[in-house]
Amino acid sequence: MKRLFLFLLNLFGLGLAAYAQPTFHENGVRDKRPEYSLFKNATIHVDGKTTISNGWLLIKGDRIEKVGKDFEFPKSAQVYDLAGKHIYPGFVDVYSDYGMPEIKRTRGGNFYETQFNSQKDGAYYWNQAIKPETKAAEIFKANPKGAEDLRKIGFGAVVSHSKDGIARGNSALVSLANGKENEVLLKSDVSAHFSFEKGSSTQTYPVSLMGSVALLRQAYYDATWLKNGGSSSERNLSLEALSGSMTLPAVFHGKSILDALRADKIGKEFGQKYILKSGGDDYQRIDEIKKLNTHIIAPINFPKALDVEDPLDAESVSLTDLKHWELAPTNLGKLASNQISFSITSSDLVDKSHFFGNLQKAVAHGLDKGAALDALTNQPAKAFKIDNLVGSIKTGLIANFLISNEDIFDAKAKLLENWVQGQKFVITDLSLSAINGKYKVNIPGFTKLEITGENDKPALEFFENDTTKIKATTVRDRNFLTISYKKKEAGSYRLSGFIADKKISGEGKDPNGQTFIWSATLEEATAEKAKTDTTKKAELPKVGDLVYPFVAFGNPSIPAKQDLLIKNATIWTNESDGNITGDVLVKNGKIETVGKNLSAPGAKVVDGTGKHLTNGIIDEHSHIALFSINEVETVSSEVRQEDVVNSEDINIYRQLAGGVTTSQLLHGSADCIGGQSAIIKLKWGETAENLIIPNSPKFIKFALGENVKRGNAPQAPNRYPSTRMGVEQVFNDAFTRAIAYKKEWTNYNNQKVKTGLIAPRRDLELDALVEILDGKRNITCHSYVQSEINMLMKLADSLGFKVNTLTHILEGYKVADKMKARNINASTFSDWWAYKMEVKEAIPYNAAIMTKVGVNTAINSDDAEMARRLNQEAAKTILYGGLTEEQAWKTVTLNPAKMLHLDDRLGSIKKGKDADLVLWTDNPLSVYAKPEKTIIDGTIYFDLENESSKFKSVETEKNRIIQKLLLEKSKGTPTVRPTTRTRPSDIHCDAILEYDGVSVENLDEYLEKMNNQN
Amino acid sequence: MMKKIIIAIHFILISQCVMAQNPAAGKSVAGVTVFSNAKIYVGNGKEINNGSLVIENGKITAVAEGDLSASYASAKKVNVGGKHIYPGIISPVNSLGLTEIEAVRTTSDFQEVGQLNSNVRALIAYNTDSEVIPTVRSNGVLITQATPEGGLISGRSSVMYLDGWNWEDALLKADDGVWLNWPSKMTNSFDFATGTRESKKNENYQTTIDELNKFFAQAKLMASENNLYDNLKLSAMNGVLKGNDRLYIQIGNDKEALDAISFCLANQIKLPVIVGAVYSETAINALKENNVPIIIPSTHRLPAKTDADVWEAYKLPFKLFSKGILVGMHYNDSYWRTRNLPFVAGNAVGHGLTKAQALSMITLNNAKILGIDKEVGTLEIGKHATFIISEGDILDMRTAKVTQAFIRGAEVSLDDKQKRLAEKYNSKYGIK
């Protein structure tokens, strides 16, 4: 019997498959059934705005035939009456990896053993992380379990792609119906996908976020060049695929709002309007997201409640994490209310069963239900140009729709059926008869039976009398019940029962194995309790205010500039006047007047009596506010720090509290030719883009010595160079290539008629070097010992480029005359030495000696901590070497301004210059001085006056949310123990070099040490 | 030919070595010396605006207001011309002299292999010929606690002078305490696949504490049975268990400090010292109630957490002082940066501390905590004549300029390699 049943089932399955695959051969007799189904009298939600009450829906096979009311329909149609029920379009998830192969991630990128080349076989790109040739349609494999999980939460179709690599290839639209890939694959090459993560690539490059940006940009340029016929000798399937997919909707995977802004910038360069997968934090800068004017794919997972019962543990939870926990559920609502086109993805939801719960939470936090529906149906369909197939209830579309008993976003709603490609999938079986109620029972010893619980999961209790009752274990299989219970002294009783109308009857076995007959008769049915609709609350839950940036000490709004009159202060002008006592008027972000007894109606007056007013400190060598510091190639000039500026770094605020207003963010020193620098002002709260000084001069980092030759690695590294001899040749080779490249472009550009000519290949690495040759980009070179410094100066002379700044330059005192002769600037530490072999002869008198020889000399930090007290570091040039106070102060203000070519705007207190000012409580060179106000472009970013109230408000806000979390825990919401993040997330291991004062080579040792100590 | 070159190179090397040698150790002078016309900072909060300091046989014999020159007819008289006199600065918890170049492993002698190294002694690795020592001495730091690192129990420290022909000469107090690295409650992991770093709960925390309890209990049993030489590691704990030596415990956060204090109570440790920073009322009260002193790291640190008060580290000394805790300060991070110890103490002054308190933190308090306050830490009668003379406020880099230094009455050279290099190139360029 059983065998026959299985056989039949099998046959049925085959039959179905054959039905939709005309090209397949059939084994047996054709079984073509009537294809029409009609769904009557439902509330049909065509989309978020349109509903048809008492609507009719006719489908034919896997397509929608007709939608409307009371229309003629084929007699063969099977008719379903859905009175009181709702029909919705099947949900569409456009950010899925359903049916994609599992991605095996490797450790990838070893710092001692660099993997230079791709290990992928075939005619593909040089870098494994660029794989636009991946086609989801080709690797798609239907996965019944995965499909079922998604169907249960209302999805009918997904756009799926392999989430691996920087260029990830093309997606495919597949349905979640049962069937062979031939049937469920609805459309291939739907969209092209990108990310900043190299994924399973084992190749070392890129190790950094900025490297990912550079690699993708170079791939785009290469693809275009090849497409235009740039090379007759190279076939490259990756690049062909990349240029071939430029017309598809392109999707960029971001983990945060900062990623979104970064991706958009790349898109602009290549005429790509990326659809952006968000990290769920769009609300943090919703105006910026709106400005992008693109489609957002937002996740529906929210952070878990944190366990903060232990106050000492709670200390380690950051305000950012607390606020994000509270505000994440507002994200979807914020997108909707700002009229941003968006869709909802369930892809980040680990436990898919939380989907509807989270959706209701989002609705309770202000997400309009219509917008929610649109974001799950027609919005994603439109954005991905698949709205001719899925996303609404319209004639001709795939028959993907949902049937629910209530408004689907209500808590009491149940998803009854999910029809996919015309296939019916029952999600909640309402055909199960209701059996809840009180029964009279005829088992000896019992008077009553009460059934409660869900229809499919009933709970039974037998009453011995009015007060004593026994709980039974029950399983319901449609009309059959299996019951077991234990009576005090005896063993287990087992019953089976058949459910009939108002009666349950069957037989049982007592602990001794004696069989008996039992039955229960319904006396009083339980009326179905209506669940409260959580989504209908008119009042939105109270949540905290946003802060900019989204970190402790962020401001409720971005600070605005104001006119300021600072009166009666000791003014360190850094001009020929020297130090004077007087007033400074700031207007419109600029220094308007420096003088005495000034007055300015309307300006905010600041009393400077007994205080010192100076320029803001300029840190020539900084690595704060960056997501990555180092790339790994010996020549990495293609990477740009401006691509990875982190506007949310607390060090920005901390340094404002140390009087710093401008920082040059440099690449690290892992590579001979490092990346391009970014010069920022510490405008706390502004976006990364707004931190960067507009039109600031271009810089690039070079490096010499132990770091580039990886001299401190525990084993001999395989990367060239490993000696100072090799270092010279790296520069020699790079500039020789750059000169040839420049010539190639000059020849091309000089051709008057360009028809038939193909432009040379854009090389981002060499572009930067040509800028150096053309004097448009300045070199800041990390350097220590005199031999290598001398080498670079001679090499620059011979190859025709200029070294602008030697940074660190701890043996600068030995070659000061040579630097002076070439007008090279020096940026050094005040007193560092002895930490490695190449600084053995470093001396704290270095800055003073170079200054006295006539080299423009600055003191820098290279360290987030030291930057907070550069004023003290400057003062050390008085102690060591006897500079005057004025000279000392200039080492952290005017001198770095000069070497950054920003002294026309910064570095002294003079009419017309930027109002970047610090009011100090004491002589700024004293260890006792602290900033009272730090002003940038006429805007006060740090104010000692409200510093303590600001800190208190951080504490208050944290406490408010912690109280809320404790309440959640008491309600039984599962919580997770907080983990401390020692750093902003996403800091790459490459960032360790220099940033922590630890080289990547010593990373393991460093972490071990951290583990032992803290 | 080749051989000749090698010989020549050898010769050059030797001659360079001669040039690069450190100055000779200071020589003590017989008889009485009177330093007058000085602003004297006693180190215990007392300041004498115009006073005299009298020393004899390496000890202080008088400190008083006014010019005492007349009272000592046969004494050597030094009019310091209004300069400042401070006690020699004391730098606890340091690897100065135990390592020469941080990144060069062969120059490191502060960390032994293994977890329990109570028997190892730092003093014998203290290299008085280190070229770093004179540069630290130049800024007034005259005493260091040579301290081993690493493992669970790192070894034993000793208090050393920053001058001497060898470690025996330089010794101020041998084997003053055992160093315990309290296990951390959190461990850090680095995920190479995602490139993120995360802190997790240390699952072995309690196990490690149990091991420590066992170790201390066994050491105690061993001592009571007088089996002193059976196990070097256990018998090395004797001084601590008898209450002669200190138990220095390095902690990473407040919870660890609380656990460490409980551990000391349970094991009846008489002279515990907490090394690290604590911020919470609970931890500070535990220090206070149990009379446990603390050596905090330099003010030049970033706040431990993103949300912490921006100037948390600057404000901590005042916070602890106002609770009546005995607070010392060390220069964490790097031995070669220890010359900044006066400045990092000074940095607390803008944030509540008085200058006198800041000074005592690195003189008297450090001396008390290390158990050397009978010898050094203040300029008081009977103590070592270990002091510095400066042109101005020693706590502020803007004014600090040490002109003379004395250790046990002997004037020590303030010359160092860096000054010589500066001199060499000044003369090359013809500048001053």
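Because the structure is a prediction, the values reported are computed rather than measured.

## Re the overall build of chain B
Here's step 1: Summing up its helical and strand segments, chain B has 13 helices and 18 strands in all.
Here's step 2: Against the 2.2 N^0.38 benchmark of 22 Å for 432 residues, chain B shows a C-alpha radius of gyration of 23 Å, consistent with a compact globule.
Here's step 3: Its C-alpha atoms give chain B principal-axis dimensions of roughly 70 × 65 × 50 Å.
Here's step 4: Within chain B, the proportion of its 432 residues that are buried is 51%.
Here's step 5: Here the contacts in chain B between residues at least 6 apart in sequence split such that 67% fall between residues at least 24 apart.

## As for the overall build of chain A
Here's step 1: Secondary structure summary: chain A contains 27 helices and 43 strands in total.
Here's step 2: Overall, chain A is about 110 × 70 × 60 Å in size when its C-alpha atoms are taken along their principal axes.
Here's step 3: Classification of the 1014 residues of chain A by burial places 51% in the buried group.
Here's step 4: Long-range contacts, defined as pairs at least 24 residues apart, comprise 67% of the intrachain contacts of chain A with a sequence gap of at least 6.

## Concerning the packing of helix α5 (residues 209-227) of chain A against helix α6 (residues 237-244) of chain A
Residues and elements named next belong to chain A.
Here's step 1: In contact at an axis separation of 8 Å, α5 and α6 are set at 90 degrees when each is read in the N-to-C sense. Looking at the two axes, α5 sits roughly perpendicular to α6. Only Leu 239, Leu 242 and Ser 243 of α6 make contact with α5, whose side of the interface consists of Ala 219, Asp 222, Ala 223, Thr 224, Leu 226 and Lys 227.
Here's step 2: Tallied by class, residues from the contact of α5 with α6 come to five nonpolar, two polar and two charged.

## As for the confidence of the model for chain B
Here's step 1: Summarising the model, chain B shows a mean pLDDT of 92, and 92% of its residues fall at 70 or more.
Here's step 2: Taken over the whole predicted complex, pTM reads 0.91, whereas the ipTM for its chain interfaces reads 0.94.

## Observations concerning the sheet that holds strand β38 (residues 825-828) of chain A
Residue and element names in this part refer to chain A.
Here's step 1: An order of β33-β35-β36-β37-β38-β39 is seen for the six strands of this open sheet, with the pairing classed as mixed. Each having just a single partner strand, β33 (673-676) and β39 (857-859) make up the two edges of the open sheet. Within the sheet, the average angular offset between the axes of one strand and its neighbour, ignoring direction, is 25 degrees.
Here's step 2: In this sheet, strand β36 (residues 777-783) lies alongside strand β35 (residues 698-703) in parallel orientation, the contact comprising six bridges. Bridging across to β36, Ile 700 finds its partner in Ile 779.
Here's step 3: Running over the sheet, helix α21 (residues 846-853) touches β38 and β39 and is turned about 155 degrees from β39.

## Comments concerning the sheet that holds strand β15 (residues 327-329) of chain B
Hydrogen bonds along the backbone pair up the strands of a sheet, which may run parallel or antiparallel.
All names here are of chain B.
Here's step 1: Here we have eight strands laid out as an open sheet, ordered β6-β7-β8-β9-β12-β13-β14-β15, and mixed in their pairing. The sheet is open, and its two edges are formed by β6 (89-94) and β15, each paired on a single side. Averaged over all adjacent pairs, the angle separating strand axes in this sheet is 30 degrees, with direction ignored.
Here's step 2: Taken together, the five bridges between strand β9 (residues 171-181) and strand β12 (residues 246-250) define a ladder with parallel strand orientation. By the bridge assignment, Gly 177 is partnered in β12 with Arg 246.

## Focus: the packing of α5 of chain A against helix α7 (residues 257-269) of chain A
Helix-helix packing is described using two parameters, namely the angle between the two axes and the distance between the axes.
Residues and elements named next belong to chain A.
Here's step 1: Where α5 contacts α7, the axes come no closer than 11 Å and their chain directions differ by 20 degrees. In terms of their interaxial angle, α5 and α7 are classed as roughly parallel. α7 is crossed by α5, and the crossing has right-handed handedness. Contacts between α5 and α7 involve Val 213, Leu 216 and Arg 217 on the former and, on the latter, Arg 262, Ile 266 and Glu 269.
Here's step 2: Looking at the contact of α5 with α7 residue by residue, the classes come out as three nonpolar, no polar and three charged.

## Some remarks on the pairing of strand β12 (residues 296-299) of chain A
All names here are of chain A.
Here's step 1: Where burial is concerned, the two faces of β12 agree: the one with Ile 296 and Ala 298 and the one with Ile 297 and Pro 299 are both buried.
Here's step 2: Crossover handedness for the path strand β11 (residues 275-277) to helix α8 (residues 286-292) to β12: right-handed.
Here's step 3: Examined bridge by bridge, β12 and strand β14 (residues 342-345) share four bridges and lie parallel to one another. Note on β14: the bridge partner recorded for Ile 296 is Phe 342.

## Considering the domain arrangement of chain B
Residue and element names in this part refer to chain B.
Here's step 1: Splitting chain B by domain gives domain 1 (25-88 + 377-432) and domain 2 (89-376).
Here's step 2: Taking only C-alpha atoms into account, the centre of domain 1 sits 29 Å from that of domain 2.
Here's step 3: Where the side of domain 1 that touches domain 2 is concerned, the elements lending two or more residues are β5 (84-87), β16 (387-390), β17 (402-407) and α13 (417-429).
Here's step 4: Per-element accounting of the side of domain 1 that touches domain 2 gives the leading share, three residues, to β17.

## Observations concerning helix α9 (residues 312-322) of chain B
Residue and element names in this part refer to chain B.
Here's step 1: For α9, the complete set of buried residues consists of Ala 313, Tyr 314, Leu 316, Pro 317, Leu 320 and Phe 321. Here the buried residues of α9 occupy an arc of 160 degrees about the axis, which is enough to place them on one side.
Here's step 2: Summarising the contacts, the buried residues of α9 are in contact with α8 (281-289), β14 (294-296), β15 and α11 (355-362).
Here's step 3: Once α9 finishes, Gly 324 follows within two positions and takes phi at roughly 80 degrees, a positive value.

## Here we look at the environment of Ile 650 of chain A
Here's step 1: By the element assignment, Ile 650 of chain A lies in helix α15 (residues 650-656).
Here's step 2: The exposure class of Ile 650 of chain A is buried, given the 27 C-beta atoms found within 10 Å.
Here's step 3: Residues Ile 650 of chain A and Glu 288 of chain A, 362 residues apart in the sequence, show an inter-C-alpha distance of 21 Å.
Here's step 4: Contacts of Ile 650 of chain A, omitting those with residues within four sequence positions, involve Val 551 and Ala 552 of chain A together with Thr 306 of chain B.

## What about the environment of Leu 944 of chain A?
All names here are of chain A.
Here's step 1: Mapped onto the fold, Leu 944 is located in the loop between β42 (939-943) and α25 (947-970).
Here's step 2: Its 14 C-beta neighbours within 10 Å are what place Leu 944 among the partly exposed residues.
Here's step 3: Counting along the chain gives twelve residues from Leu 944 to Glu 932, while the straight-line C-alpha distance between them is 4.8 Å.
Here's step 4: Non-local contacts of Leu 944, meaning those with residues more than four positions away in its chain, are made with Pro 931, Glu 932 and Lys 933.

## A closer look at the pairing of β6 of chain B
Residue and element names in this part refer to chain B.
Here's step 1: Counting buried positions over the six residues of β6 gives six, a clear majority of the element.
Here's step 2: Two strands pair when backbone bridges link them, and β6 and strand β7 (residues 141-146) are joined in this way by four bridges, in the parallel orientation. The partner of Ser 91 across the bridge, within β7, is Thr 144.
Here's step 3: Crossover handedness for the path β6 to helix α2 (residues 132-137) to β7: right-handed.

## Some details on unusual backbone geometry
Here's step 1: The omega angle of the peptide bond from Tyr 205 of chain A to Pro 206 of chain A is -5 degrees, so this bond is cis rather than trans.
Here's step 2: Residue Pro 549 of chain A is bonded to the preceding Tyr 548 of chain A through a cis peptide linkage, with omega at -10 degrees.
Here's step 3: Take Pro 549 of chain A: it is sitting in the loop between β25 (515-525) and β26 (564-572).
Here's step 4: One non-glycine residue, Phe 553 of chain A, lies in the positive phi region at around 70 degrees.
Here's step 5: Structurally, Phe 553 of chain A is set in the loop between β25 and β26.
Here's step 6: Residue classification places Phe 553 of chain A among the buried positions, given that 25 C-beta atoms sit within 10 Å.
Here's step 7: Notably, Asn 37 of chain B is not glycine yet its phi reads approximately 60 degrees, a positive angle.
Here's step 8: Here Asn 37 of chain B shows up in strand β1 (residues 32-41).
Here's step 9: Given 16 C-beta atoms within 10 Å, Asn 37 of chain B falls into the partly exposed group.

## Observations concerning α21 of chain A
Here's step 1: For α21 of chain A, the tally of buried residues reaches eight of eight residues, placing the bulk of the element in the interior.
Here's step 2: Those residues of α21 of chain A that fall on the buried side of the exposure criterion are Asn 846, Ala 847, Ala 848, Ile 849, Met 850, Thr 851, Lys 852 and Val 853 of chain A.
Here's step 3: Buried positions along α21 of chain A lie against α20 (812-822), β38, β39, α22 (870-879) and α23 (885-890) of chain A together with α13 of chain B.
Here's step 4: Among the residues trailing α21 of chain A, Gly 854 of chain A stands out with phi positive, at a value near 110 degrees.

## Structural notes on the environment of Asp 31 of chain A
Here's step 1: Position of Asp 31 of chain A relative to the elements: it lies in the loop between α1 (2-20) and β1 (36-45).
Here's step 2: Once the C-alpha coordinates of Asp 31 of chain A and Glu 841 of chain A are considered, the two residues, 810 residues apart in sequence, prove to be 91 Å apart.

## Points about the confidence of the model for chain A
Here's step 1: Averaged over all residues, the pLDDT of chain A is 91; the fraction at 70 or higher stands at 92%.
Here's step 2: Segment residues 4-19 of chain A is flagged for pLDDT under 50; beyond a separation of four residues in sequence, or across chains, it makes five contacts in the model.

Reading the values: rules and limits
- Residues numbered from 1 in each chain as written.
- Chains lettered and ligands numbered in written order.
- Predicted model: local features only at pLDDT ≥ 70, side-chain atom pairs only at ≥ 80, totals over all residues.
- Helix = DSSP H or I, 4+ residues; strand = E, 2+ residues; numbered from the N terminus.
- Rg over C-alpha atoms; globule rule 2.2 N^0.38 Å.
- Buried ≥ 20, exposed ≤ 12 C-beta atoms within 10 Å, placed from the backbone.
- Contact = placed C-beta atoms within 7 Å.
- Axes fitted to C-alpha atoms, helices over the stretch in contact; angles between N-to-C directions.
- Parallel < 35°, antiparallel > 145°, perpendicular 65-115°, else oblique.
- Nonpolar A, V, L, I, M, F, W, Y, C, P; charged D, E, K, R; others polar.
- pLDDT = per-residue confidence, 0-100.
- Pairing = 2+ DSSP bridges.
- Left-handed = near helix turned anticlockwise from the far one by under 90°.
- Right-handed = clockwise from strand over helix to strand, strands pointing away.
- Domains from an automatic or database assignment.
- Arc of directions from axis to C-beta.

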